[in-house]
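# An overview of the molecular structure
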Amino acid sequence: MAKAKLRGGALLAHSLKEKGVDHVFTLAGGFCNPALEGFMECQMPVINTPHEQIAGHLADGHTRLSRKPTVCLVGPEGFANAIPAMMEAWGERSPIIFITGSSTLKRKGSGGFKEIDDVSMADPITKYSFSVIRQLDIFFFRINLRVAEIVFISRLSSSIFILLDYSSFFFF
């Protein structure tokens, strides 16, 4: 019997669940689907919203009430829509982990469909903003280490906001 492949979205979901993150807010579709499948596998509540900005504001409200890190998952095409929610979360010092995607590595910088430099855009309003680009980061222990690092940082201070950008090849 062939072993089932574990997709990147499932690895991310398992790592977040293991670290105590228990809610995800998103606008489902496209890029987000593999991660959403992973969250469903982990039985993590996923709140689907009609717009990325709403997902960000709901994640902010949830994390203010629970004081636990919360995830807002937005596709690369909706990243700019989530910026107002990021600004509000940053101003209120909410521990939110925004996760987005970007072009595949070989297409990065070529002006691809809806390609923006989300890490640079988020940098001034985050405590930690980075892009996962190395193939080593795909392996479970690297994903798990990154998620542990993010959740740990978000619990150190209430003034944490994080952007995590994964290349789209990672999720599929």
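Heads up: the structure comes first, above all this text.
Criteria and cut-off values
- Residues numbered from 1 in each chain as written.
- Predicted model: local features only at pLDDT ≥ 70, side-chain atom pairs only at ≥ 80, totals over all residues.
- Heavy atoms only, no water.
- Axes fitted to C-alpha atoms, helices over the stretch in contact; angles between N-to-C directions.
- Helix = DSSP H or I, 4+ residues; strand = E, 2+ residues; numbered from the N terminus.
- Parallel < 35°, antiparallel > 145°, perpendicular 65-115°, else oblique.
- Left-handed = near helix turned anticlockwise from the far one by under 90°.
- Contact = heavy atoms within 4.5 Å.
- Nonpolar A, V, L, I, M, F, W, Y, C, P; charged D, E, K, R; others polar.
- Buried < 20%, exposed > 50% of the residue type's maximum accessible area, 1.4 Å probe, protein only.
- Pairing = 2+ DSSP bridges.
- Right-handed = clockwise from strand over helix to strand, strands pointing away.
- Salt bridge = Lys/Arg side-chain N within 4 Å of Asp/Glu carboxyl O.
- Expected span 1.5 Å × (residues − 1).
- Arc of directions from axis to C-beta.

Further remarks concern the packing of helix α3 (residues 52-66) against helix α4 (residues 79-92). Each pair of packed helices can be described by the angle between their axes along with the distance between the axes. It is at 6 Å that the axes of α3 and α4 come closest, and there the two elements cross at 20°. Compared by their axis directions, α3 and α4 come out roughly parallel. Taken as a pair, α3 and α4 cross one another with a handedness that is right-handed. Residue-level contacts link E52, Q53, G56, H57, D60 and R64 of α3 to N81, A82, P84, A85, E88, A89 and E92 of α4. Here the residues of the contact of α3 with α4 are counted per class, giving 4 nonpolar, 4 polar and 5 charged.

Attention shifts here to the pairing of strand β3 (residues 70-73). Going residue by residue along β3, you find T70 and C72 tucked away on one face and V71 and L73 tucked away on the opposite face as well. In the sheet, strand β1 (residues 24-26) pairs with β3 via 3 bridges, with the strands oriented parallel. Each bridged residue has a counterpart across the sheet, and for T26 the counterpart in β3 is L73. Bridging between β3 and strand β4 (residues 96-102) involves 4 bridges; their strand directions are parallel. Paired with V71 across the two strands is I97, which belongs to β4. With α4 bridging β3 and its parallel neighbour β4, the resulting β-α-β unit is right-handed.

What follows deals with the side chain of D60. Checked against the element boundaries, D60 lands in helix α3. Classification of D60 by relative accessible area gives buried; the value is 3%. Among all residues touching D60, those that are not within four sequence positions of it are E88, A89, S94 and I96.

We now examine the pattern of salt bridges. Under the counting rule described, the total for this entry stands at 5 salt bridges. As a salt-bridge pair, D22 and K68 come within 2.7 Å of each other at their nearest N and O atoms. Highlighted residues: D22 in the loop between α1 (8-18) and β1 and K68 in the loop between α3 and β3, separated in sequence by 46 residues. By relative accessible area, which is 29% here, K68 ends up partly exposed.

Okay, α3 next. Its 15 residues give α3 an end-to-end C-alpha distance of 21 Å, which sits within 8% of 21 Å, the value for a rise of 1.5 Å per residue. When we look at burial in α3, the residues that qualify are E52, A55, G56, A59, D60 and T63. Down the axis of α3, the buried set is contained in an arc of 135°. They therefore lie on one face. Of the surrounding elements, those touching the buried residues of α3 are β1, β3, α4 and β4. Remark: R67 follows α3 within two positions and exhibits a positive phi of approximately 55°.

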